[in-house]
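Architecture and fold: a report
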Amino acid sequence: MFTYYLDLALRSLRRNRALTALMIVAIAFGVGASMTTLTVLHVLSADPIPGKSGDLYMVQLDPRQARGFIPGEEPPDQVTRSDGEALLRAGKAERQVVMTSGEAAIEPARAGLLPFFIEGRWTSADFFPMFGVPFVAGAPWTRDDDDRAARVAVIARALADKLFGTTDVVGRTLRTESSELRIIGVIDTWRPTPHFYDLHSQVYGREEQIFVPFSTSRELKLPRSGSQDCWDESPDPLALGAPCVWLQFWAELPGKARADAYRDFLFQYSLEQQRAGRFARPPNVRLRDVRQWLAFSEVVPDDARLQTWIAIGFLVVCLINTVGLLLTKFLRRSSEIGVRRALGASKRSIFVQLLVEAGMIGVVGGALGLLLAWLGLWAVRHQPADYAPLARLDLPMLVATFGLAVAASLIAGLLPAWRGCQVTPAIQLKSP
Amino acid sequence: MLHMKDVSKVYRTEMVETHALRDLSLIVGEGEFVAVTGPSGSGKTTFLNIAGLLEELTGGEYLLDGVDIRMLDDRARSRLRNEKLGFVFQSFNLIPDLDLFDNVDVPLRYRGLSRGDRRKRIEGALERVGLASRARHYPSELSGGQQQRVAIARAIAGGPKLLLADEPTGNLDSQMAREVMQLLEELNAQGTIIVIVTHDPEIAARAQRNVHIVDGVATDLSRAPALVRPTRAAAQTSL
């Protein structure tokens, strides 16, 4: 019976081409606008590390001076070098990592290639297994490498290709900032979006090209980037003991019990630091998993949310128009509906027939809406925003576009189809 | 086959109450050809609509092939209408964007028959009305008489026991009207019960029984008066 309804729907849509086109365009514009903004929102608010985001925690302590203390105030979202290294040494989590973003001037050995700057990350050994970084060659460095500030580096596939024309570069030497680093691993293209583990560098920025042990970066005095916050004078804000926060610290804590235990540990640590005179304030710690951290940090721009609501409002207006057009279309066919009812069609059959017709408009509208969404995203990609290059339709959003179009048209078709199936056949069949 | 007892139909609006049928009782048995006549607005089309399960009755009883239709929901009524009844309308009511084959196919679709069975029935019905060769033509390509023959083919394709016709010759010239009546008579001769609403005395004269409706009250004018049982009040009114 469904194929019969499809056939009838096709005939009906062909019969009133102008009306059909109007409905399809209304659905397409509504869906196109909605999917453009929803795709942007989807990209911006996606889980950057699915499967692990509930186990990875951002650590916050409050090492600041007593002046300006407000109970319950949010602690800084970075830690001092002293605290970062102390927490790393304590090793109370399954894995833990201290890090900062950095910049490195690369001096290529390859002829014809001029020195250039790249973005990097100075971090500790657990970074790679903790965040599930994919390797195409070699392996991460070890905690032992951290301890002895080994002259090693892990680089991105793109940098390997650029410097050597291959990813088979493990064991080769990389020259940066007048020092030589031995390449021990090459990672595949990896760009968690948003850049959750460090929101101080570009949230939706480019991927990092080089990873060096944090200890090594300090010995070599590799330049760092990102923000820092100092509450007292310091000749070297990056030095051990400096009153400045500039490092991110993450801990992997599978299960709530581990997280609770680690929170207690941070409290005790803060208490000890207070007793020792390092911390002037009472313990004030925060431990947020990835989703909580992104929500707290409000990484999704307000304008993206606003645009989404406006687009959904536009879709509703388009749907209301479609309801009116479908109502007109179906009630103009009261005579045919009356005949079908007289010949044995139940109200339910008529309802389904008309709903299939509305659904078919949705499918065609969805296809056109997809094209419009694609055009909309193309326009977004040309906006001066750091997330702009990410605005692309992925498979789930592609399916969602069709789903939204069909669902929207079915919803729009409910009232007209119901009114259509309520047609009294006797009135429609009455002889003139 | 058709058993109505004290059937009444009242249309109500906020201001007016109109009695379209008053205590109509009628039995139509196997093989009958019944003409229902009466002036315009007398209630004969209302009677046909109720007989065809297209309208609800306000009061009384109606058994169709032994089934009390008051007990049925829309789905069951639709199935009963599809399986037991055939309709022929004055204005043919063919669906313009379906060809003849697909028009005749409409009632069969709602019966859930196989493709092959439907094809066989459609071809047989079109053959029966002499239009098999034009199965892929559209209604607009046919004359009025031919369109009515297609409507008859559509009505009989499902093999109904009772065929209800509302002024089937009303839009036809006399030659075409004769052809259509001849077709209906042949169907009746083959066992289909025919109930035809008409205001044409010539057509009515060709029926075995005549039931006359005036102001919603029925009177049998035929040879079998026992089959129409108006209530006393109704009979007094009509006489």
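Structure: above.
The model shown is predicted, which means the values in this text are computed figures rather than measured ones.

Turning to the nonpolar core, a few remarks are in order. Core analysis: the biggest nonpolar cluster contains 115 residues, and A:Ile27, B:Ala153, B:Leu163, B:Ile194, B:Val195 and B:Ile196 have the highest contact counts within it. Ignoring sequence-local partners within four residues, the contact set of B:Leu163 consists of B:Gly86, B:Val88, B:Ala155, B:Ile156, B:Leu187, B:Thr192, B:Ile193 and B:Ile194. Judged by nonpolar contacts, the second largest core, of 57 residues, contains A:Ile106, A:Ile155, A:Leu174 and A:Leu222.

This brings us to the sheet that holds strand β5 (residues 67-68) of chain B. All names here are of chain B. Here 4 strands make up an open sheet; going across it, the order is β2-β1-β4-β5 and the pairing antiparallel. Of all the strands in the sheet, just β2 (17-28) and β5 have a single pairing partner and so form its edges. Pairing analysis gives 5 bridges linking strand β1 (residues 2-12) to strand β4 (residues 59-64), with the strands arranged antiparallel. By the bridge assignment for β4, Lys5 is matched with Glu61.

The next thing to look at is the pairing of β2(B). All names here are of chain B. Two elements, β1 and β2, share 8 bridges in a ladder whose sense is antiparallel. If you follow His3 over to β2, its bridge partner there is Ile27. The turn linking β1 back onto β2 is made up of 4 residues.

Residues and elements named next belong to chain B. Across the sheet, 6 strands lie side by side as β6-β7-β8-β3-β9-β10; this open sheet has mixed pairing. Lying at the two open borders of the sheet, with one neighbouring strand each, are β6 (85-88) and β10 (217-220). Within the sheet, the average angular offset between the axes of one strand and its neighbour, ignoring direction, is 20 degrees.

This paragraph deals with the interface of chain B and chain A. Contact with chain B, which involves 26 residues of that partner, is made by 20 residues of chain A. Put simply, the parts of the chain that give the side of chain B that touches chain A at least two residues each are α1 (44-51), α2 (74-84) and α3 (100-109) of chain B. Among the elements that take part in the side of chain B that touches chain A, α2(B) stands out by supplying 6 residues, more than any other. A per-class count over the side of chain B that touches chain A returns 7 nonpolar, 9 polar and 10 charged.

Here the focus is unusual backbone geometry. Between A:Thr193 and A:Pro194 the backbone carries a cis peptide bond, its omega angle lying at -5 degrees. By the element assignment, A:Pro194 lies in the loop between β8 (179-187) and β9 (210-213). At B:Asp23, a position not held by glycine, the phi torsion is positive, near 45 degrees. Note that B:Asp23 resides in strand β2.

A few words now on helix α8 (residues 256-275) of chain A. Residues and elements named next belong to chain A. With 20 residues, α8 should reach 28 Å at 1.5 Å per residue; the first-to-last C-alpha distance of 29 Å fits that figure. Of the positions making up α8, those classed as buried are Tyr262, Leu266, Ser270 and Gln273. End-on view of α8: buried residues confined to an arc of 80 degrees, all on one side of the axis. Among the exposed residues of α8, those pointing more than 90 degrees away from its buried face are Ala257, Asp260, Asp264, Gln268 and Arg275. Structurally, α8 contributes buried residues whose contacts are with β1 (56-60), β11 (244-252) and β12 (286-289). Gly277, located one to two residues past α8, shows a positive phi value of around 90 degrees.

Reading the values: rules and limits
Residues numbered from 1 in each chain as written. Chains lettered and ligands numbered in written order. Predicted model: local features only at pLDDT ≥ 70, side-chain atom pairs only at ≥ 80, totals over all residues. Core = buried A, V, L, I, M, F, W, Y, C linked by C-beta atoms within 7 Å. Buried ≥ 20, exposed ≤ 12 C-beta atoms within 10 Å, placed from the backbone. Contact = placed C-beta atoms within 7 Å. Pairing = 2+ DSSP bridges. Helix = DSSP H or I, 4+ residues; strand = E, 2+ residues; numbered from the N terminus. Axes fitted to C-alpha atoms, helices over the stretch in contact; angles between N-to-C directions. Nonpolar A, V, L, I, M, F, W, Y, C, P; charged D, E, K, R; others polar. Expected span 1.5 Å × (residues − 1). Arc of directions from axis to C-beta.

Note that every value here comes from positions in space, so none of it alone points to a role or purpose.
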